[in-house]
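Tertiary structure, described
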Amino acid sequence: MTTDSDVEVGREVLTFPPDFLWGAATAAFQIEGSTTADGRGASIWDTFAATPGKVLAGDTGDPACDHYNRYASDVELMKSLGLASYRFSVAWPRIQPSGSGAVEERGLAFYDRLVDSLLEKDIQPLVTLYHWDLPQVLEDFGGWRNRDTAYRFAEYAAIVHERLGDRVQAWTTLNEPWVSAFLGYGNGIHAPGVTDAVASLQAAHHLLLAHGLATQALRAQAPDSHRLSIVLNFSTIWGDGDSEASREAVRKVDGLQNRILLDPVLGRGYPLDVLQDTTWLGDWTNVVRDGDMETIATPIDWIGVNYYNPTRVAPADPGHVPAGPHAGLRGVTIEPPRGELTGFGWEQNADAFTELLVRLSRDAGGVPLVVTENGSAFPDVVDAAGRVNDVQRTKYLVDHVRAVHRAISEGADVRGYLAWSLLDNFEWAAGYSQRFGIVHVDFETQQRTVKESAVALSRIIGQNGLPARGYTV
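Residues numbered from 1 in each chain as written. Predicted model: local features only at pLDDT ≥ 70, side-chain atom pairs only at ≥ 80, totals over all residues. Heavy atoms only, no water.

- The name that an unreviewed UniProt entry assigns to the protein is Beta-glucosidase, with the source organism given as Lentzea jiangxiensis.
- What the UniProt record of the protein gives under Sequence similarities (unreviewed entry) is the line "Belongs to the glycosyl hydrolase 1 family."
- Taken directly from UniProt, the Catalytic activity (unreviewed entry) text for the protein runs: "Hydrolysis of terminal, non-reducing beta-D-glucosyl residues with release of beta-D-glucose." (UniProt positions renumbered as here; feature names shortened; annotations may be inferred.)

As C-alpha cells, then:
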C-alpha cells in the first residue's frame, strides 16, 4: 500500500498480494536448550556436539536461547514485530525419547503452551515435524540408513498432529532432507557424522519415504483446511560460460542438489540423469521397493523453499571427484563465491533467488511455494546505545524480499516469506560463531536485542511491501 509520505517523496512501492504470509523461522535444537528437561531423550545432535572436534569451540545445544523456558516472552517479541506467522520445529526426542513407543506428555504439553501463546497473539503457527534432531536410539539402529526409521517417523508425526491439529493448520514433514542425508551421512560434517556416499543416497530415499508416509498419516487425520508440505533447500546453479561442458557441469550439480529430491516429491521419480551419474558408486537404489515412489509422491499443498546463496560450478577432468556433499559428483569443480559474502562466506546474490523461484514455480506443476528460510549471518555487536545496526543483514533482507516480488511479477506463485532466523542461535557445526538472527541474543545473559533488520522486516510487514529502491524501509 502506498502512503501519502511515499507519494510526497516520489518513491515507488512494491506491494505484495493481500494474503501474503510474513513471518520468521527457528528450529527446536537451535533455540530450545533444556536438552534433558522433562524427559527429553538424546538426539543425534546431542551426541555429535558432545564428540570432541565435531562442533566449533565444543559448543552444544544447551542452553542455546533457553526458549524452552522463555517461549512466552519470545512470543511477545514476535507480536511486537508484527509477525503474522512463526515456523518452529517439534523436537522428536521430547515427544518420544526413544524414537518410538511411549509418549512423553511433558514434551507435548510444551508445544501445547507454545501454540496457544501464538494463537493468543494472532500469530499463525507453522509446525515442522523434523529439523534434524533424530532420537539417538534410532541412530543406534542405523538412523536414516534404516528403512524402519521412516515408519517410526510417520507414527511420531501422527502423534503430534493428533495433539496439535485442532489448532495448527500448516504442517511440514521434513526440513531440508538434503542436508540430513548428504551432510549427515555423506561428508559427515553434520550429525550423525557418517562418511559414506552410498549411505547418504540411501538415507535420502528413506527420508523421502518418511515424508510420504507421514503425509499420508496426517492426511488421514486432517480436515481439508490443513495444508501439508515439505521444505527443501535449493540453490541456483551457475556455470562459468555457455559451453556444452559448462552446461553439463550445471546439469550434474542441479541434479544432485535440486532435482534429486524435488522430482520424486512431485511424482516424477528420481531423475534418470542423476541415476546415471551416480551408478559408479554402486546400486544405491536397491533400497527402493515397490510402491515407494507412489508414497513419496503423495500430494502436498505447498513446497517450502529455503534459499541462501547460488552455487558456481565449472567443468573438470572427467575423473575428478570434488570435495563436498554431492554424492556421486564427478567431472565438476565447485567454484569460489563472488562479490559480497556473508559471515559464512556465502555469496549474496538476490538475482539468483528470483531466478530460482521462477524456475521452481514453473517446475512445480501448480504447487504453490512459500519461502520458509532466507537469511544471512554476520558478526553483530550491541553498541553503546544498546542497538544492533546490522546494515549488511538489512541490505540482504531488503534485496531478497525485492527478489521475491520480482519473481511474483514474473509469474511465480509464491505465497509467503519467512526470515531465517528469529533469534541468533546454535548454528549446528559452527556452534555459536554465526549469527543469523534478526534479534540478537547474548548467550551469557539471554538478553534479546531487536536488530535493525528486524525493524526493517516489521515495517515491510506493516505495509505489505517496501520501496523499490534504497535500504531505508
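**Topic: the UniProt feature "active site" (unreviewed entry) in the protein**
- Per the UniProt record, "active site" (unreviewed entry) is annotated on Glu-176 and Glu-373. Taken together, the annotated residues stretch across 198 residues yet fold into one region, lying no more than 10.4 Å apart by C-alpha. Lining residues of the largest pocket drawn from the annotated list: Glu-176 and Glu-373.
- Along the chain, the position of Glu-176 falls in the loop between strand S5 (170-175) and helix H9 (177-182).
- On the basis of relative accessible area, Glu-176 is assigned to the buried category, the value being 6%. (1 Å grid on protein atoms, 1.4 Å probe; cavity = no way out; pocket = protein on both sides within 12 Å on 5 of 7 lines; lining within 4 Å. Helix = DSSP H or I, 4+ residues; strand = E, 2+ residues; numbered from the N terminus. Buried < 20%, exposed > 50% of the residue type's maximum accessible area, 1.4 Å probe, protein only.)

**Remarks on helix H16 (residues 452-463)**
- Over its 12 residues, H16 extends 17 Å from the first C-alpha to the last, a length consistent with the 16 Å expected when each residue adds 1.5 Å.
- For H16, the full list of buried residues reads Ser-453, Ala-454, Ala-456, Leu-457, Ile-460, Ile-461 and Gln-463.
- Buried residues in H16 make contact with strand S2 (21-25), helix H4 (67-81), helix H15 (391-409), strand S12 (414-420), strand S14 (448-450) and strand S15 (465-467).
- Where H16 ends, the next residue or the one after it, Asn-464, has phi of about 50°, a positive value. (Expected span 1.5 Å × (residues − 1). Contact = heavy atoms within 4.5 Å.)

**Quick notes on the side chain of His-161**
- With respect to the helices and strands, His-161 occurs in helix H8 (residues 148-164).
- If we skip the residues at most four places from it in the chain, His-161 touches Trp-171, Leu-218, Gln-221, Ala-222 and His-226.

**Things to note about the packing of H4 against helix H6 (residues 105-120)**
- The N-to-C vectors of H4 and H6 enclose an angle of 10°; their axes lie 9 Å apart at closest approach. If you check the angle between H4 and H6, you find them roughly parallel. Side by side, H4 and H6 meet where His-67, Tyr-68, Tyr-71, Val-75 and Met-78 of the first sit next to Arg-106, Phe-110, Arg-113, Leu-114, Ser-117 and Leu-118 of the second.
- Split into classes, the residues belonging to the contact of H4 with H6 amount to 7 nonpolar, 2 polar and 2 charged. (Axes fitted to C-alpha atoms, helices over the stretch in contact; angles between N-to-C directions. Parallel < 35°, antiparallel > 145°, perpendicular 65-115°, else oblique. Nonpolar A, V, L, I, M, F, W, Y, C, P; charged D, E, K, R; others polar.)

**Concerning the sheet that holds strand S3 (residues 85-89)**
- Read around the barrel, 8 strands follow the order S2-S3-S4-S5-S6-S8-S11-S12 and close on themselves; strand pairing throughout is parallel. Averaged over neighbouring strand pairs, the angle between their axes works out to 25° when direction is ignored. (Pairing = 2+ DSSP bridges.)

**Notes on the nonpolar core**
- The biggest cluster of nonpolar side chains holds 132 residues, and the ones touching the most others in it are Trp-45, Tyr-111, Trp-144, Phe-153 and Tyr-417.
- Examining the composition of this core, we find that 10 residues originate from one element, helix H10 (residues 197-221), more than from any other.
- Residues in contact with Tyr-111, not counting those within four places in the same chain, are Ala-28, Glu-32, Phe-88, Ser-89, Val-90, Ala-91, Arg-94, Ile-95 and Leu-164. (Core = buried A, V, L, I, M, F, W, Y, C linked by side-chain atoms within 4.5 Å.)

**Considering the UniProt feature "binding site: substrate" (unreviewed entry) in the protein**
- The UniProt feature table records "binding site: substrate" (unreviewed entry) at Gln-30, His-131, Asn-175, Tyr-308, Trp-420, Glu-427 and Trp-428. Considering only the residues just annotated, the largest pocket is lined by Gln-30, His-131, Asn-175, Tyr-308, Trp-420, Glu-427 and Trp-428.
- Tracing the sequence through the fold places Gln-30 in helix H2 (residues 28-31).
- Those residues within four positions of Gln-30 in sequence are excluded, and the remaining contacts are Ala-64, Cys-65, His-131, Trp-420, Asn-425, Phe-426, Glu-427 and Trp-428.

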